[in-house]
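Fold and geometry: a report
So you can see what is in the structure, the chains are spelled out below.
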Amino acid sequence: MKPTCDFFDEHGVAETVKTFEVNSRVKERAKTSGEGRVIVVDGSGSLRRALCGDIIAAEAMANGWAGLVIWGAVRDVEQLGATNIGTMALGQTPARCVRKGEDEVEADLRLDGVAVSYGDYFVSDAERALVFPQNGPHLDAKTTPPHA
């Protein structure tokens, strides 16, 4: 996933939203105090409808959010670059999102095979993003190293 604007070097605790072509909860989150957290949105990879644009990004920046990660599309990319909030998305579209429908906050997400949960720590730069589980790495019997 590449940034959609020139500025992206962010880190913070993940605030997760799971949705499909609906941005109601993204908009709600942006209007709350971000306290340096990152809004991570699983939009099912859809590029048909934008889940975030310049107005939502400006609200998020004004309310102290560190960044926006959208597993889907955004709009107003030129203006997003001017908001000075890190924004990373799969792509862009001019199409507005659907204004009603189901979406879920504090959800466990899976973005291209990577698990992201509410409260995990998110770190990114212009080339990559890393997620650190809030309770440390989870190892199962197949990946746990043998004791010496």
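Here the structure is shown first, and the text comes after it.
Quick summary incoming for the structure in this document.

Observations regarding the overall build of the protein
- The secondary structure content of the protein amounts to three helices and ten strands.
- Along its sequence from the N terminus, the protein presents helices and strands in the succession β-β-α-β-α-β-α-β-β-β-β-β-β.
- For the protein, the proportion of contacts with a sequence separation of at least 24, taken over those separated by at least 6, is 70%.
- Counting only carbon and sulfur atoms, one obtains 50% of the accessible surface of the protein, whose full area is about 8100 Å².

Brief notes about the nonpolar core
- Judged by nonpolar contacts, the single largest core of 18 residues is most densely connected at V41, C52, L68, I70 and V74.
- Within the residue set of this core, elements represented by two or more residues are α1 (24-30), β3 (38-42), α2 (54-62), β4 (67-74) and α3 (77-82).
- Once you skip the residues sitting within four places of it in the chain, C52 turns out to touch A57, L68, I70, A73, V74 and R75.
- Counting residues in hydrophobic clusters, the runner-up holds eleven residues, among them V38, V69, L109 and F122.

Here we look at the side chain of N23
- Here N23 is to be found in the loop between β2 (11-19) and α1.
- For N23, a relative accessible area of 5% puts it in the buried group.
- Ignoring anything within four residues of it in the chain, the contact list for N23 reads L51, I56, C97, V98, R99 and D103.

A short note on α2
- All buried positions along α2 are accounted for by I56, A57 and A60. Projected onto a plane normal to the axis of α2, the buried residues spread over an arc of 100 degrees and lie on a single side. Looking at α2, the residues exposed on the side facing more than 90 degrees away from the buried face are I55 and A62.
- In this fold, the buried residues of α2 make contact with α1, β4 and α3.
- Positioned one or two residues after α2, G64 has a phi angle of 85 degrees, which is positive.

Conventions adopted
Residues numbered from 1 in each chain as written. Predicted model: local features only at pLDDT ≥ 70, side-chain atom pairs only at ≥ 80, totals over all residues. Heavy atoms only, no water. Helix = DSSP H or I, 4+ residues; strand = E, 2+ residues; numbered from the N terminus. Contact = heavy atoms within 4.5 Å. Areas by Shrake-Rupley, 256 points an atom, 1.4 Å probe, with all protein chains shown as cover. Core = buried A, V, L, I, M, F, W, Y, C linked by side-chain atoms within 4.5 Å. Buried < 20%, exposed > 50% of the residue type's maximum accessible area, 1.4 Å probe, protein only. Arc of directions from axis to C-beta.

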